[in-house]
Amino acid sequence: MERDVLNEVIDVERDIRERLLAEKKKAGEWVDEVKKKAEKEILLEEERIKKLFEQAIKDARLNAEKKAHEIIADANEKAERLAAISDEFLIKTIRKHIIRILP
């Protein structure tokens, strides 16, 4: 009878050990699966961020070019207006201000 109880205890311990090993294997597989899924999500997110960054650079470049064209157009317009001022008007204006500066 003691032998039967001892054999039964040994069988139960063996069964527990096998279940523990099976659960450990399942847990390892689950961890591997979660790891692969996380790595895939990370790669997808990196790709998404990279595309957003590239688009932001394109947008910034386009905005900078647009602003540069506006600045150049404005400068050309001012230059044309200044070039259109007659020499007589400039001389008259300078004489007017020189009188105030010189005694």
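All values reported here derive from a predicted model rather than from experimental measurement.

Colleague: Hey, could you go over the overall build of the chain for me, with residue numbers and the actual values?
Modeller: Summing up its helical and strand segments, the chain has 2 helices and 0 strands in all. Scored against the burial criterion, the 103 residues of the chain give a buried share of 0%. Accessible surface for the chain amounts to roughly 10,400 Å². Of this, 61% is attributable to carbon and sulfur atoms. Each charge class in the chain can be summarised by its mean position, and for the 24 positive and 25 negative side chains these summaries are 10 Å apart.

Colleague: Break down the pattern of salt bridges for me, with residues and values.
Modeller: The final tally for this structure, using the stated rule, is 6 salt bridges. When the shortest N-O distance is used, the salt bridge between Arg81 and Glu77 registers 3.9 Å. With a gap of 4 residues between them, Arg81 and Glu77 both fall in helix α1 (residues 2-83), about one helical turn apart. Judged by relative accessible area, Glu77 falls into the partly exposed class, the value being 44%.

Colleague: How would you summarise helix α2 (residues 87-101) if you had to cite specific residues and measurements?
Modeller: With 15 residues, α2 extends 21 Å from end C-alpha to end C-alpha; this agrees with the ideal 21 Å at 1.5 Å per step. Along α2, only 0 of the 15 residues are buried, which leaves the element largely exposed.

Definitions and limits used
- Within any chain, residue numbers begin from 1 and follow the written order of that chain's sequence.
- Restriction of local features to residues with pLDDT of at least 70 applies here, the model being predicted, together with a cutoff of 80 or more for giving and counting side-chain atom pairs; totals for whole chains, interfaces and linings are based on all residues.
- Only hydrogens and water are set aside when side-chain values are computed; all heavy atoms of the structure are taken into account.
- In this description a helix means any DSSP run of H or I spanning at least four residues, a strand means any run of E spanning at least two, and both kinds are numbered starting from the N terminus.
- Accessible area is worked out with a 1.4 Å probe on protein chains only. A residue is then buried under 20% of its type maximum, exposed over 50%, and partly exposed in between.
- We get accessible surface area from the Shrake-Rupley algorithm with a probe of 1.4 Å; when it comes to residues, only the shown protein chains can shield them.
- None of His or the chain ends enter the tally, which takes Lys and Arg as positive and Asp and Glu as negative.
- Charge positions are represented by NZ for Lys, CZ for Arg, CG for Asp and CD for Glu.
- Any carboxyl oxygen of Asp or Glu within 4 Å of a side-chain nitrogen of Lys or Arg constitutes a salt bridge here.
- Here, expected helix span is obtained from the residue count minus one, scaled by 1.5 Å.

Spatial relationships are all this shows, so hold off on functional conclusions.
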